[in-house]
Amino acid sequence: MAEFTQEEKEFFMREALKEAQKSLEKEEIPIGCVIVKDGEIIGRGHNAREEQQKAILHAEIMAINEANENEGNWRLLDSMLFVTIEPCVMCSGAIGLARIPQVIYGAANQKFGGAGSLYDILTDIRLNHRVEVETGILEAECAGIMQDFFRKNREKKKAVKRAAKEHC
Ligand SMILES: [Zn+2]
């Protein structure tokens with residue numbers, strides 16, 4: 001299995017954060033993901049649910065699709081997936097199906113997390129594919145970009161409500 005130094009882990013998590021930034025620019029929930037093999041990024045993805053109106057177009061799914069295409073292989077053996085927020089149940093399932101052996105995520109997702117918070121699909125011994133999981137890389141940045149997004153969203157909703165009242 002690939003061994004990364006702390007510096008390398010932070011480098012790739014910053015790349016995942018750049019992907020999250022792309023979601024943010026499109027007013028999507030900002031989650032980004034990269035998949036790394038032999039020191040190179042073979043797949044990138046960001047949440048594009050609103051833009052494409054596709055329920056399952058999470059960052060991890062987009063990155064897995066791209067990596068599958070680049071590798072010409074559905075199995076992403078010897079790769080490592082970096083994602084800013086803990087994968088949901090669907091994405092945790094997809095990581096197993098793609099045979100990705102290692103996952104690093106930035107911040108936990110207490111509401112929807114499928115990799116430790118609500119469920120622990122990646123390390124469930126009943127499933128035949130087990131994934132090595134590490135958390136907390138650039139946690140503050142990964143969580144911060146989400147908190148900013150939701151705060152701005154609430155403010156926007158309040159402003160809309162206020163504007164609607166003034167026009168009554
Ligand atoms: Zn997901």
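Residues numbered from 1 in each chain as written. Predicted model: local features only at pLDDT ≥ 70, side-chain atom pairs only at ≥ 80, totals over all residues. Heavy atoms only, no water.

## Considering the overall build of the chain
Counting secondary structure elements, the chain contains 5 helices and 5 strands. Order of helices (α) and strands (β) in the chain, N terminus to C terminus: α-β-β-α-α-β-α-β-β-α. In terms of overall dimensions, the chain is globule-like: its C-alpha atoms have a radius of gyration of 17 Å, near the 15 Å expected for 168 residues. When the backbone C-alpha atoms are referred to their principal axes, the chain occupies close to 60 × 30 × 30 Å. The buried share of the chain, taken over its 168 residues, is 45%. Taking as baseline every contact in the chain between residues at least 6 positions apart, the subset at least 24 positions apart corresponds to 59%. (Helix = DSSP H or I, 4+ residues; strand = E, 2+ residues; numbered from the N terminus. Rg over C-alpha atoms; globule rule 2.2 N^0.38 Å. Buried < 20%, exposed > 50% of the residue type's maximum accessible area, 1.4 Å probe, protein only. Contact = heavy atoms within 4.5 Å.)

## Re the UniProt feature "active site" (unreviewed entry) in the chain
Per the UniProt record, "active site" (unreviewed entry) is annotated on Glu 60. Inspection of the secondary structure assignment puts Glu 60 in helix 3 (residues 59-71). Exposure remark for Glu 60: the relative accessible area of 4% places this residue in the buried category. Apart from the residues within four sequence positions on either side, Glu 60 is in contact with Cys 33, Leu 81, Val 83, Ile 85, Pro 87, Cys 88 and Cys 91. (UniProt positions renumbered as here; feature names shortened; annotations may be inferred.)

## Here we look at the nonpolar core
The biggest cluster of nonpolar side chains holds 42 residues, and the ones touching the most others in it are Ile 35, Ile 64 and Leu 81. Contributions of two or more residues to this core are made by helix 1 (6-25), strand 1 (32-37), helix 3, strand 3 (79-85), helix 4 (89-97), strand 4 (102-107) and helix 5 (139-166). Filtering out sequence-adjacent residues up to four positions away, Ile 64 remains in contact with Ile 35, Leu 76, Leu 81, Ala 94, Ile 95, Ala 98 and Ile 100. (Core = buried A, V, L, I, M, F, W, Y, C linked by side-chain atoms within 4.5 Å.)

## As for helix 1
With 20 residues, helix 1 extends 29 Å from end C-alpha to end C-alpha; this agrees with the ideal 28 Å at 1.5 Å per step. Listed as buried for helix 1 are Lys 9, Phe 12, Met 13, Glu 15, Ala 16, Leu 17, Glu 19, Ala 20 and Ser 23. Structurally, helix 1 contributes buried residues whose contacts are with strand 1, strand 2 (40-46), strand 3, strand 4, strand 5 (132-135) and helix 5. One or two steps after helix 1, the chain reaches Glu 27, where phi turns positive at roughly 60 degrees. (Expected span 1.5 Å × (residues − 1).)

## Observations regarding helix 3
With 13 residues, helix 3 extends 18 Å from end C-alpha to end C-alpha; this agrees with the ideal 18 Å at 1.5 Å per step. Taken together, the buried positions of helix 3 are occupied by Ala 59, Glu 60, Ile 61, Met 62, Ala 63, Ile 64, Ala 67 and Asn 68. Each element contacted by the buried residues of helix 3 is listed here: strand 1, strand 2, strand 3 and helix 4. Immediately downstream of helix 3, the backbone of Gly 72 shows phi near 60 degrees, a positive value.

## Topic: the coordination of the zinc ion
For the zinc ion, the full set of protein donor atoms is His 58 (ND1), Cys 88 (SG) and Cys 91 (SG), at a range of 2.0 to 2.3 Å. Read N to C, the donor residues that coordinate the zinc ion are spaced as H-x29-C-x2-C. In terms of burial, Cys 88 and Cys 91 fall into one category: buried. (Donors = N, O, S within 2.8 Å, 3.2 Å for Na, K, Ca; no water.)

## Notes on the packing of helix 1 against helix 5
Between helix 1 and helix 5, whose axes approach to 10 Å, the crossing angle comes to 10 degrees. Of the possible angle classes, the one that applies to helix 1 and helix 5 is roughly parallel. Contacts from Met 13, Arg 14, Leu 17, Ala 20, Gln 21 and Leu 24 of helix 1 reach helix 5 at Glu 141, Cys 142, Ile 145 and Phe 149. When its residues are assigned to classes, the contact of helix 1 with helix 5 shows 7 nonpolar, 1 polar and 2 charged. (Axes fitted to C-alpha atoms, helices over the stretch in contact; angles between N-to-C directions. Parallel < 35°, antiparallel > 145°, perpendicular 65-115°, else oblique. Nonpolar A, V, L, I, M, F, W, Y, C, P; charged D, E, K, R; others polar.)

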